[in-house]
Amino acid sequence: TIKMMKVKANPLVSNLPPSSFRSSSQLSGSHGPGFAKLNRREGAGGWSPLSSDRYQWLEVDLGGRTRITAVATQGRYGSSDWQTAYLLMFSDAGHNWKQYRQEGSIGAFAGNSNADSVVQHKLQHQVIARYVRLIPLNWNPNGRIGLRLETYGCPYNSDVLSFNGQSSLIYRLTPRPRQMSSESISLKFKTLKNSGILLHAEGQNGHSLTLELEKGKLQLLIRKEERLLRYLVTLGSLLDDQHWHHVAVEHHSNHLKLTVDKSTEWVHISPTFAHWDHDQMILGAQQGFSYTSFYGCLENPVYNGLNLVDLAKQKDQRVTGNVTFSCSEPVFVATTFTGPQSFLRLPRIDQSSLGISVGLQFRTWNKAGLLLTFELPNREGRVWLYLSKTYMCGSSGSALNDGQWHSVDLISGGGRLTITVDGDEGASAHASPSFLITTGGHIFFGGCPAEENSQECLNPFKAFQGCMRLLTVDNRPVDLIKVQQRLIGNYSHLQIDMCGIIDRCSPSHCEHGGSCSQSWSTFHCNCSGTGYSGATCHSSIYEQSCEAYKHKGNISGYYYIDVDSSGPIKPQLLYCNMTEDNTWMVIHHNNTDLTRVQPSPEVNTHVVHFEYASDEEQLAAIISLSEHCEQEIAYHCRKSRLLTSPEGSPLSWWVGGPGVGQMHTHWGGAPPGSQQCACSLQNNCVDSRYHCNCDADSNEWTNDSGLLTHKETLPVRSLVLGDIQRPGSESTYKVGPLRCHGDKNVWNAAFFDKETSYLHFPTLHGELSADISFLFKTTSSSGVFLENLGIKDFIRIELNSSNEVLFSFDVGNGPLEVSVKAGSPLNDNRWHRIQAERNVKEASLRLDELPAVTQEAPADGHIHLQLNSQLFIGGTASRQKGFRGCIRSLQLNGVTLDLEERAKITPGVQAGCPGHCSSYGSLCQNQGRCVERPTSFSCDCSSSAYTGPFCNKEVSASFKSETSVTYAFKEQMVNELNRSSSSSSSFPSSIYSDITLKAENVSLSFRTSQSPALLLYVSSYHREYFAVLLSNKDAEILRSKVKNLADRQLHVITISRLADVVSMQVTHTSSVSGKRLDPDLAQIASLGFTGCLSAVFFNSISPLKAALLHPKTSPVTVTGPLIQSICGFTSANLSHATETTHHLSGKRPLVNAIRSDSALIGGVIAVVIFVTVSSLAIMARFLYRRKCTCQRQEVKTVKPEDNPELPFRSRITSQNGPTENQKEYFI
């Protein structure tokens, strides 16, 4: 039993002697550091330095390593002296300080606002250190720096070991422990070397575990019998900083947990590594060991609860080694160049030398920066040594911005200049300049002073940002502590005796596999190939379902589906079938074909396993997301029973459902648990005594098939067939792909009918990154869509005005706002989409298809969004005015909030929100009509020549010369008139007066190699006709300049007339001209038509579509072979420009054009369309013929011999078509 005890944090400073305090300076003896105790009034009432600047510090020695949990400050008693912000440093040895950072990046603590009040900060993570140093950053502008302080904590006990590269500690596990499925190892280490073995454990069977430091990162390696089979985990960074780092390895069965400081990674391991049987563990190096030895210190190494240092001190026989029980540290004083104004100026030490030698070590993330510069004697020139694109100019050094320590030495003498990078392991460059490289002045490191009149130092390059140490000038080391005390040289904006480098990519804020790169002050995520976008690769670039793709106007095909959007499930390539009203998501597996069972003599059952194209997580998410899922399952049999044996036990079954699935004994079309097939429910099994056709054990082939539709039983994972070995047994099976439709998220909506109504949900969890997306429509000019509050933090999205959306939040750095303004009002009662994202780098907001607007987060500021209230939707806890309108498809971090379910139990909010056609009606193409649904919309294609979910799929057919299609209009009316009239050719004009047409719209597509041909012919009862033909003769026409349209390519023709305004549009054409011709239409029409015809449309009638899709319910007559095809499919993708030709009234009119006071088609209309093609031209001829004069208004009876339709009468009559008094399409 482990008991957790809470230890009270005690004051650590108040009882220390004055000798425990040090400072950079003091104003006087009464202002010394020993008086800087909280709430004390001795001396001048606290510490004040000689001068108030950012290079002053106060240091406290706690007497030993201590666990520190809080710090408190006060100003100097009875004065105007206090600091308003400060940095907090810790150290074990009084040098090599480490800055405490909140949230991993924030260095500054808020200080005091007066001299007497106490400001206390509890540390987010405890610190173990002996020395505490406080550096004031800002102070009262009307006073100076004044400080009293206290730290809180408790004692810390530790056992340490020191390793010098030759020492080691070996722990032998004797007697050999039994195999355990759970083990743990923990320790702390500190080192200046970036590589070395911390720990190595091994067993007799070759199983080994290694903790290795490699380039400042910790690697965990597990091997089995020296084979390539191994696991490798890398965690942490910059671990060679000579500070303590915590490491823990926990092994639980087939999972491995590695922790380095505050970073943790879980790894799933195979059963091969599930049981460890180590019999010895080695800390540090071992004689003959092939890996790099460890230099540094280990603290409290514990294996399965045993402290190995305790065992070594007790001289336990299981522990041997040559280590010392202390931690000796070499003193390397580093300095940090924090920004562009940082520089260090040092004098020459040996002025008499004819050459110069300078050496240093540096580490940085930046690709460029000045390392050092100096002026040549007598101002004859200047020398710069700088980094450029991670290479050292003047040498062959490379990859120098990797955060590792690199050395560089510049040596000039004897007419030779040498630059060496990384010593013997690196590279050198040599030169023999014609002048002496030396200086009698100063050497500047990192940059130059900011004074404009300084001619001694010029820097045309970027300033260096990073750390330097081990500086030498003229082969003598530079004492940076004396530099800090202003005893040597000069400096500005440096942090001396510490290296403040931060690895902003460890842990990485780049999500979904994005690669992280960094500079000194920021990081960048490369999202290429991940399927995600944004500053941290957080937001998915793919849709969550096929339904979402469809309603963006896409067609059937393969699409990447990201079912949880910004969640952890990866996008998957799936097929979307959008040819029906329902949009199907199709997930295939490894065997969807009808497969014959091949029984094996040794096996009584046939087992089939199905592997799906989607991952397990994605399968479960798709099924959960969809409104309906189904999977076809079929069994074809002859003398092979399916489910039930004579004894009643199941012969066959299938396994389905989430995870490994469960056994099911029902078949497609039957309910779960029934042990039946579909025929049993339909009462049509071949033998009524059985519940499946195959169970009848017939000698004839039969089958049981149907759909499995219960989502909790899907997908089918395996199939077991049991009756396959009897003589004469034959069978085949088929398990189709998993098919799902209906995205429950897309149309999930709520209507807020009052500004005071709202929905509430649990708190939004998005500490480091959060994305919010939804659609809204409203008639209001403002309102809050969403709000969540914390103690100080908040996040809010609102309609700020009728054309502006505002996204605002606060994570502790002050409110940050991002707004997008639309070019038109947003309160137009149409759907608009909002996408907002907030991460540690930036905030972004996107409205509809407008470009996203981004706002960068403050550098090194607070990054955690801490909320604690409920999430309000459609309203707010902090304001009176909420949102009035509809919100739909609201998602937070890829998870959809069920607005409808919550709205059902919330007053003032209604579930669902109709009215989608105002936003999505444009998706219905080609005269398709948008139809509202309760939670969606559909396209009615009944008035379109096209079909498909958006009326964009062409209806095409292949014609032979003997093929014809006749469509009769007003058939019922004509039949009644025929019965009531004494003469079939005599009808009163009053019957037609209300249906006289003054406008037509005709369009069609064709593909053929036949010529000549009549393309289109329309005739009316009044002897008026309209013809489009292809011919090589002059005519009274609109004529295209295209020379050959009988080229087997697809061409589209559109003709429209309104009174005397006629236009024709033809693909491939560019101009028209008018000529005269009276063609012999009957001769051309008698040739028939061979080719492809597609998308035939006359006003609101689609005769070809009616003939192909609705032949039994439409007034069509088909003669000859009519074959539906896809020959017109490419018409939507024509690569050539289209020509639009207009003839307007008042310009050169068509000869005999229809006058505005007469109708092109009048009376009981008879229309016949003939489609033929010529290779020369397209001609549209408009003839208006009457026996009477143009001034007469009444319509004269038409005699048969005068009817322009007569040339075609022989063909129509022979096909038993309608009379000339009907309106017809003839194709």
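As the structure is a computational prediction, the values presented were derived from the model and not from experiment.

Engineer: Can you tell me about unusual backbone geometry, naming the residues and giving the values?
Structural biologist: With an omega of -5 degrees, the peptide bond between Ser-506 and Pro-507 qualifies as cis. Mapped onto the elements, Pro-507 comes out in the loop between strand E36 (494-496) and strand E37 (515-518). Cis geometry is found at the peptide bond from Leu-714 to Pro-715, where omega equals 0 degrees. Tracing the chain through its elements places Pro-715 in the loop between strand E49 (702-708) and strand E50 (716-721). Here the phi dihedral of Gln-242 falls at roughly 65 degrees; this positive angle occurs in a residue that is not glycine.

Engineer: How would you sum up the environment of Ser-773? Please name residues and give values.
Structural biologist: On the secondary structure map, Ser-773 appears in strand E55 (residues 770-777). Taking the C-alpha atoms as reference points, Ser-773 and Arg-888, separated by 115 residues in sequence, lie 9.4 Å from one another. Apart from residues no more than four positions distant in its own chain, Ser-773 is found in contact with Arg-833, Ile-834, Gln-835, Ser-889, Leu-890 and Gln-891.

Engineer: With reference to specific residues and values, describe the packing of aromatic side chains.
Structural biologist: According to the stated counting rule, one finds 25 aromatic pairs in the structure shown. Measuring from centroid to centroid gives 6.5 Å for Tyr-635 and Trp-667, while their planes differ by 75 degrees, and the two rings are edge-to-face. You can see Tyr-635 sitting in strand E46 (residues 626-638) and its partner Trp-667 sitting in the loop between strand E48 (662-664) and helix H5 (678-682), a full 32 residues away along the chain. The buried category is assigned to Tyr-635, whose relative accessible area is 0%. A relative accessible area of 0% places Trp-667 in the buried class. Aromatic rings pair up to connect Phe-752, Phe-774, Phe-776, Phe-785 and Phe-883 into one cluster. Over the ring of Trp-831 we find Arg-888, and its NZ or CZ is 4.5 Å from the ring centre.

Engineer: Can you tell me about helix H4 (residues 616-625), naming the residues and giving the values?
Structural biologist: Along H4, the residues classified as buried are Gln-618, Leu-619, Ile-622, Ile-623 and Leu-625. With its buried residues spanning 165 degrees around the axis, H4 presents them on a single face. Check the buried side of H4 and you find it contacts strand E41 (557-561), strand E42 (572-577), strand E43 (584-587), E46 and strand E52 (738-743).

Engineer: Can you break down the state of the cysteines residue by residue, with the values?
Structural biologist: Applying the stated criterion across every chain, the model contains 15 disulfides. One disulfide in the model links Cys-510 with Cys-525; its S-S distance is 1.9 Å. Here the disulfide of Cys-510 and Cys-525 is left-handed, its torsion about the S-S bond being about -90 degrees. Of this pair, Cys-510 sits in the loop between E36 and E37 while Cys-525 sits in strand E38 (residues 523-526), placing them 15 residues apart in sequence. Each member of the pair, Cys-510 as well as Cys-525, is classed as buried. One disulfide in the model links Cys-546 with Cys-576; its S-S distance is 2.0 Å. The sign of the S-S torsion, about -75 degrees, decides the handedness of the disulfide formed by Cys-546 and Cys-576: left-handed. Separated by 30 residues along the polypeptide, Cys-546 in helix H3 (residues 546-550) and Cys-576 in strand E42 bring together distant segments of the chain. Overall, Cys-576 belongs to the buried group, its relative accessible area being 0%.

Engineer: If you had to explain the pattern of salt bridges to someone new, which residues and values would you point to?
Structural biologist: Scanning the entire structure with this criterion turns up 31 salt bridges. Across the pair Asp-92 and Lys-190 runs a salt bridge whose closest N-O atoms are separated by 3.6 Å. Residue Asp-92 is found in the loop between strand E4 (83-91) and strand E5 (98-99), and its partner Lys-190 is found in strand E11 (residues 182-190); the two are separated by 98 residues along the sequence. The buried category is assigned to Lys-190, whose relative accessible area is 4%. Note that Arg-726 and Asp-697 form a salt bridge whose closest N and O atoms lie 2.6 Å from each other. In this pair, Arg-726 is assigned in the loop between E50 and strand E51 (730-735) and Asp-697 in the loop between H5 and E49, connecting sequence segments 29 residues apart. By relative accessible area, Arg-726 is classed as partly exposed at 27%. Several salt bridges share partner residues, and in doing so they unite Arg-65, Asp-92, Lys-190, Glu-299 and Glu-329 into one network.

Engineer: How would you summarise the UniProt feature "domain: EGF-like" (unreviewed entry) in the chain if you had to cite specific residues and measurements?
Structural biologist: The feature "domain: EGF-like" (unreviewed entry), as annotated in UniProt, sits at residues 501-538 and 914-952 in this numbering. The span residues 501-538 is 0% helix and 26% strand, and its two end C-alpha atoms sit 26 Å from each other. Between the end C-alpha atoms of residues 914-952 there is a gap of 24 Å, over a span that is 10% helix and 26% strand.

Engineer: I'd like to hear about the side chain of Asp-474, residue by residue, with values.
Structural biologist: Examined against the element boundaries, Asp-474 turns out to sit in the loop between strand E33 (466-473) and strand E34 (476-477). Setting aside chain neighbours within four positions, we find Asp-474 in contact with Arg-348, Ile-349, Asp-350, Ile-356 and Ser-357.

Engineer: An account of the nonpolar core is needed here, citing residue identities and associated values.
Structural biologist: Ranked by size, the top nonpolar core spans 41 residues in total, and within it Ile-561, Ile-587, Tyr-635, Leu-642, Trp-667, Leu-719 and Leu-738 carry the most contacts. For this core, the element with the most residues is E46, which contributes 4 residues.

Engineer: An account of the sheet that holds strand E45 (residues 606-609) is needed here, citing residue identities and associated values.
Structural biologist: In space, the 4 strands of this open sheet follow the order E45-E50-E47-E48, with antiparallel pairing throughout. In this open sheet, the two strands that pair with only one neighbour each are E45 and E48. Ignoring which end each strand starts from, the neighbouring axes of this sheet average 20 degrees apart. Across 3 bridges, the pairing between strand E47 (residues 653-656) and E48 is antiparallel. Each residue of the ladder has a partner; that of Trp-654, found in E48, is His-664.

Engineer: Can you tell me about the pairing of E45, naming the residues and giving the values?
Structural biologist: A one-sided burial pattern is seen for E45, the buried positions being His-606 and Val-608 and the unburied ones Val-607 and His-609. One ladder, built from 4 bridges, connects E45 with E50; its direction is antiparallel. In the strand pairing of E50, Val-607 is matched with Val-720.

Engineer: Could you give an account of the side chain of Thr-210, with specific residues and numbers?
Structural biologist: Tracing the sequence through the fold places Thr-210 in strand E13 (residues 207-214). Residue Thr-210 is classed as buried on the basis of its relative accessible area, which comes to 1%. Side chain to side chain, Thr-210 and His-200 meet in a polar contact 2.8 Å long. Sequence-distant contacts of Thr-210, defined by excluding residues within four places in its chain, comprise Ile-197, Leu-199, His-200, Gln-219, Leu-220, Leu-221 and Arg-223.

Engineer: Provide a residue-level description of the layout of surface pockets, including the pertinent values.
Structural biologist: In this structure, the second largest pocket encloses a volume near 1200 Å³. For the second largest pocket, the lining is made up of 42 residues, of which Glu-543, Lys-552, Arg-833, Gln-835 and Glu-849 are closest to its centre. Only strand E40 (539-540), E55, strand E60 (832-838), strand E61 (842-847), strand E64 (885-892) and helix H7 (917-920) provide two or more residues apiece to the lining of the second largest pocket. Ranked by residues supplied to the lining of the second largest pocket, first place goes to E60 with 5 residues. Broken down by class, the residue content of the lining of the second largest pocket amounts to 13 nonpolar, 16 polar and 13 charged.

Rules used throughout
- Residues numbered from 1 in each chain as written.
- Predicted model: local features only at pLDDT ≥ 70, side-chain atom pairs only at ≥ 80, totals over all residues.
- Heavy atoms only, no water.
- Helix = DSSP H or I, 4+ residues; strand = E, 2+ residues; numbered from the N terminus.
- Contact = heavy atoms within 4.5 Å.
- Phe/Tyr/Trp six-rings, centres within 6.5 Å; stacked < 30°, edge-to-face > 60°.
- Buried < 20%, exposed > 50% of the residue type's maximum accessible area, 1.4 Å probe, protein only.
- Lys NZ or Arg CZ within 6 Å of the ring centre and 35° of its normal.
- Arc of directions from axis to C-beta.
- Disulfide = S-S within 2.5 Å.
- Salt bridge = Lys/Arg side-chain N within 4 Å of Asp/Glu carboxyl O.
- UniProt positions renumbered as here; feature names shortened; annotations may be inferred.
- Core = buried A, V, L, I, M, F, W, Y, C linked by side-chain atoms within 4.5 Å.
- Pairing = 2+ DSSP bridges.
- Axes fitted to C-alpha atoms, helices over the stretch in contact; angles between N-to-C directions.
- Polar contact = N/O pair within 3.5 Å; in protein donor to acceptor, adjacent residues only side chain to side chain.
- 1 Å grid on protein atoms, 1.4 Å probe; cavity = no way out; pocket = protein on both sides within 12 Å on 5 of 7 lines; lining within 4 Å.
- Points joined across faces, edges and corners; volume = space filled by probe spheres on them.
- Nonpolar A, V, L, I, M, F, W, Y, C, P; charged D, E, K, R; others polar.

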